[in-house]
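# Working through the structure, step by step
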Amino acid sequence: MSDKNYPDDLHIDTLAVHVGVDRSQYGENSEALYLTSGYVQPDAATAARRFSGEEEGYTYGRYGNPTVSTFERRLAALEGAQACISTSSGMSAVLMMIMGLLKAGDHIVCSRSMFGSTIKLVSDFARYGVESSFVSQTDVAQWQAAVRPNTKLLFAETPTNPLTDVCDIRALADIAHNAGALLAVDNCFCTPALQRPVALGADLIIHSGTKYLDGQGRIVAGALCGTQKLVKEVFMPVLRSAGMTLAPFNAWVVLKGLETLSIRMQAQSLRALELAQWLQDQPRVARVYYSALSSHPQHELAMAQQSGQGGAVLSFDVRAADPDQARTRAFAVLDTVRTISLCTNLGDVKTLVSHPASTSHGRLTEVQRQAAGIGQGLIRVSVGLENVNDLKADLAHALDAIEK
Ligand SMILES: *Cc1c(COP(=O)(O)O)cnc(C)c1O
């Protein structure tokens, strides 16, 4: 059906621009966008076979579309996974995973530093009898200690948002497998261009396609990668009945984003590192969080897992005497940047800044926030593709806005 003539040892950069295509009779070189909700069937008997799953073939847009399939095949190839199923958002990929794998009485172990909405969604499943434990991102012994006989899933995200804490994927995979459980990794921050968790033993990969996979801040999308068997037998039935379907147009946008993923991640990581090093030397900056800095507590593990790169998200604390002053100073910086956008998203080619304590982590109490290390003076930077000197100049000007 597709990819018939490609050699099977292609580099990931080549896969990113070629793999997964199901070219139509017109021979288009750029991937086609199929905007259709239904598919005309050749005859009733074929339709019956397709609906029952006996025969391959598109039947209805909630659970199949050629543009969406191309995106799924390409992302699976980049992750080194057997299969992929896409969803309308990153959060609905998490929902699909939990709905597919867990039932009342099962238990999930998660990092305490996961994306806020992930923590909320996992916790909300207590209503349906799914128990959860939240442990330290970095302390492997806590993950081991949290495992119970009914543990079915370990779920981690690395590096974390916004403090860039790293977890040891291989160690967590061993803990999961010894317990007869699966390990899922949210690979949103590094993407397969830098980090391939399947090669380190992870069973499932969660993606927010909204971030680096699209890469230009245009659409909301998600995906779940895993074995052919899990995708076909466990997750596809969830998609069919629950309908968290990725729209063909959004699939096409994120599919084209994959073609430039690797060079964007390399270029944005280089800029992030240069900016992080520069920020460390600024007198108004108290601390910089970025895994490619040698001062990062897990620098070596991060560099081993992330192809020697830090990715493009970093954070820093502005220097201040107390939380009130820290908030005032952080707000002064955010209100003064001119080139950089004040925007709570990440993974765009435009550099974005945000204040985690009042946005992404605004629902936590001050005590919870302090425990998580998210102070009032913390600023997150999602570094884009601008010239790095322009970014430094913008931040220098903004840091100057802090009164002495
Ligand atoms: C944004 C994000 C998500 C959720 O993705 P959406 O596409 O916004 O639903 C999940 N995990 C991480 C790490 C994210 O940054």
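Up top is the structure.
Before going into details, it helps to say that this report is about the structure given with it. (Residues numbered from 1 in each chain as written. Predicted model: local features only at pLDDT ≥ 70, side-chain atom pairs only at ≥ 80, totals over all residues. Heavy atoms only, no water.)

### Remarks on the overall build of the protein
Looking only at helices and strands, the protein has 15 helices and twelve strands in total. Put simply, the protein has 404 residues, and 52% of those count as buried. Partitioning the contacts of the protein with sequence separation of at least 6, the portion at a separation of at least 24 is 71%. Across the protein, the centroid of the 35 positively charged side chains sits 4 Å from that of the 40 negatively charged ones. (Helix = DSSP H or I, 4+ residues; strand = E, 2+ residues; numbered from the N terminus. Buried < 20%, exposed > 50% of the residue type's maximum accessible area, 1.4 Å probe, protein only. Contact = heavy atoms within 4.5 Å. Lys, Arg positive; Asp, Glu negative; His and termini not counted. Charge placed at Lys NZ, Arg CZ, Asp CG, Glu CD.)

### As for the pairing of strand E5 (residues 182-186)
Burial within E5 is extensive, with four of its five residues counted as buried. In this sheet, E5 lies alongside strand E4 (residues 151-157) in parallel orientation, the contact comprising five bridges. The residue of E5 that forms the bridge with Ala156 is Val185. In this fold, the crossover linking E4 to E5 by way of helix H7 (residues 169-178) has right-handed handedness. As paired strands, E5 and strand E6 (residues 204-208) are joined by three bridges and run parallel to one another. In the sheet register, Asp186 faces E6, and the bridge partner there is Ile206. (Pairing = 2+ DSSP bridges. Right-handed = clockwise from strand over helix to strand, strands pointing away.)

### Some thoughts on the sheet that holds strand E12 (residues 378-382)
If you trace the five strands from one edge of the open sheet to the other, you get E8-E9-E12-E11-E10, paired in mixed fashion. The sheet is open, and its two borders are formed by strand E8 (285-289) and strand E10 (341-342), each paired with just one other strand. Bridging between strand E9 (residues 313-318) and E12 involves five bridges; their strand directions are antiparallel. Within E12, the position partnered with Phe316 by the bridge is Ile379. Contacting E8, E9 and E12, helix H11 (residues 261-280) runs over the sheet at an angle of about 10 degrees to E9. (Axes fitted to C-alpha atoms, helices over the stretch in contact; angles between N-to-C directions.)

### A closer look at the nonpolar core
Ranked by size, the top nonpolar core spans 51 residues in total, and within it Phe71, Leu75, Trp143, Leu154, Leu183 and Leu261 carry the most contacts. Summarising the domain contributions, this core has at least three residues from each of domain 1 (12-258) and domain 2 (263-403). When neighbours within four sequence positions are excluded, Trp143 is seen to be in contact with Val109, Cys110, Ser111, Val135, Ser136, Gln137, Leu154, Phe155, Ala156, Leu172 and Ile175. In terms of nonpolar packing, the next biggest core, distinct from the first, is built from 31 residues, Val166, Ala272, Val285 and Leu391 among them. (Core = buried A, V, L, I, M, F, W, Y, C linked by side-chain atoms within 4.5 Å. Domains from an automatic or database assignment.)

### Thoughts on the environment of Met91
Along the chain, the position of Met91 falls in helix H4 (residues 90-101). Distance in space between the C-alpha atoms of Met91 and Leu121 is 8.4 Å, their sequence separation being 30 residues.

### Overview of helix H3 (residues 66-79)
In this model H3 runs 20 Å from its N-terminal to its C-terminal C-alpha over 14 residues, within 8% of the 20 Å that 1.5 Å per residue would give. All of the buried residues in H3 are Pro66, Thr67, Val68, Ser69, Thr70, Phe71, Glu72, Arg74, Leu75, Ala76, Leu78 and Glu79. Positive phi shows up at Gly80, right after H3, with a value of about 70 degrees. (Expected span 1.5 Å × (residues − 1).)

### Some remarks on a nonpolar patch on the surface
Judged by side-chain polarity, Leu33, Leu35 and Phe249 come together as a nonpolar surface patch covering roughly 290 Å² of accessible area. With respect to the helices, strands and loops of the structure, Phe249 is situated in helix H10 (residues 248-258). (Patch = residues over 30% accessible without salt bridge, like charges linked within 9 Å, V, L, I, M, F, W, Y side chains within 5 Å. Areas by Shrake-Rupley, 256 points an atom, 1.4 Å probe, with all protein chains shown as cover. Salt bridge = Lys/Arg side-chain N within 4 Å of Asp/Glu carboxyl O.)

### Quick look at the site of the ligand
Surrounding the ligand, one finds Ser89, Gly90, Met91, Phe115, Glu157, Asp186, Cys188, Phe189, Ser208, Thr210, Lys211 and Ala221. A distance of 2.9 Å separates an oxygen atom of the ligand from a polar atom in the backbone of Gly90. One nitrogen or oxygen atom from the side chain of Thr210 is found 2.6 Å from an oxygen atom belonging to the ligand. Here the ligand loses 91% of its free accessible area of 380 Å² to cover by the protein chains. For the shell around the ligand, the per-class residue count stands at five nonpolar, four polar and three charged. (Near = heavy atom within 4 Å. Polar contact = N/O pair within 3.5 Å; in protein donor to acceptor, adjacent residues only side chain to side chain. Nonpolar A, V, L, I, M, F, W, Y, C, P; charged D, E, K, R; others polar.)

### Structural notes on the packing of aromatic side chains
Under the criterion given, the structure shown has four aromatic pairs. Judged by centre distance (6.0 Å) and plane angle (65 degrees), the ring pair of Tyr60 and Tyr63 falls under edge-to-face. A residue is classified by how much of its surface remains accessible, and Tyr60, at 37% relative accessible area, is partly exposed. Judged by its relative accessible area of 16%, Tyr63 falls in the buried class. Between the NZ or CZ atom of Lys211 and the centre of the ring of Phe115, over which it lies, the distance is 5.1 Å. (Phe/Tyr/Trp six-rings, centres within 6.5 Å; stacked < 30°, edge-to-face > 60°. Lys NZ or Arg CZ within 6 Å of the ring centre and 35° of its normal.)

### Considerations on the sheet that holds E4
Strand order in the open sheet formed by seven strands is E1-E7-E6-E5-E4-E2-E3, and the pairing between neighbours is mixed. The open sheet has two edge strands with one neighbour each: strand E1 (83-87) and strand E3 (131-135). Neighbour-to-neighbour, the strand axes of this sheet turn through a mean angle of 20 degrees, independent of strand direction. Sheet strands in contact with H4 are E1, E4, E5, E6 and strand E7 (222-226), and its direction is about 150 degrees off that of E6.

### Describing the pattern of salt bridges
Tallied over the full model, the rule gives 14 salt bridges. Measuring nitrogen to oxygen at the nearest pair gives 3.5 Å for the salt bridge that ties Glu55 to Arg50. The class for Glu55 is partly exposed, based on a relative accessible area of 27%. A salt bridge links Lys392 to Glu274, with the nearest nitrogen and oxygen atoms 2.9 Å apart. Of this pair, Lys392 sits in helix H15 (residues 388-400) while Glu274 sits in helix H11; the two residues are 118 residues apart in sequence, bridging distant segments of the chain. Lys392 gets classed as buried once you look at its relative accessible area, which sits at 16%.

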